[in-house]
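Survey of secondary and tertiary structure
The residues making up each chain are set out below.
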Amino acid sequence: LELTALGHHLARLPVDVTTGKLLVYGCLFGCMEEVLTIAASLTVRSPFVSPFDKREEADKARLSLAGTLDGDQLALLRAHETWSRVK
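Before going into details, it helps to say that this report is about the structure given with it. (Residues numbered from 1 in each chain as written. Predicted model: local features only at pLDDT ≥ 70, side-chain atom pairs only at ≥ 80, totals over all residues. Heavy atoms only, no water.)

**A closer look at the overall build of the chain**
When helices and strands are tallied, the chain shows five helices and zero strands. For the chain, the N- to C-terminal ordering of α and β elements is α-α-α-α-α. Relative to a compact globule of 87 residues, whose C-alpha radius of gyration would be 12 Å, the chain shows 16 Å and is clearly more extended. Overall size of the chain, expressed as C-alpha extent along the three principal axes, is 50 × 30 × 25 Å. Considering the chain as a whole, with its 87 residues, one finds that 22% of them fall into the buried category. For the chain, long-range pairs separated by at least 24 residues make up 28% of all intrachain contacts whose partners lie at least 6 apart in sequence. For the chain, the exposed area adds up to about 6,800 Å²; of that, 60% sits on carbon and sulfur atoms. (Helix = DSSP H or I, 4+ residues; strand = E, 2+ residues; numbered from the N terminus. Rg over C-alpha atoms; globule rule 2.2 N^0.38 Å. Buried < 20%, exposed > 50% of the residue type's maximum accessible area, 1.4 Å probe, protein only. Contact = heavy atoms within 4.5 Å. Areas by Shrake-Rupley, 256 points an atom, 1.4 Å probe, with all protein chains shown as cover.)

The structure is reproduced here in structure tokens:
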């Protein structure tokens, strides 16, 4: 079995393949800081999980962070960037 060039890099990383690809591509595209934030957010429970009676409130908060972007990871990235500016 032959590995691709990407496969060789992924095999050396001590993370799962999906996270590894995220890290490699983040490096290639010059957005490592953002990718590291997203990768770290994948290791914890989503802050957008809420009790059933608070679901609408949580959805509004997530949408206000994500704007027109799709996905919780991008909303988490935006939340982290906002937190970093105001801390």
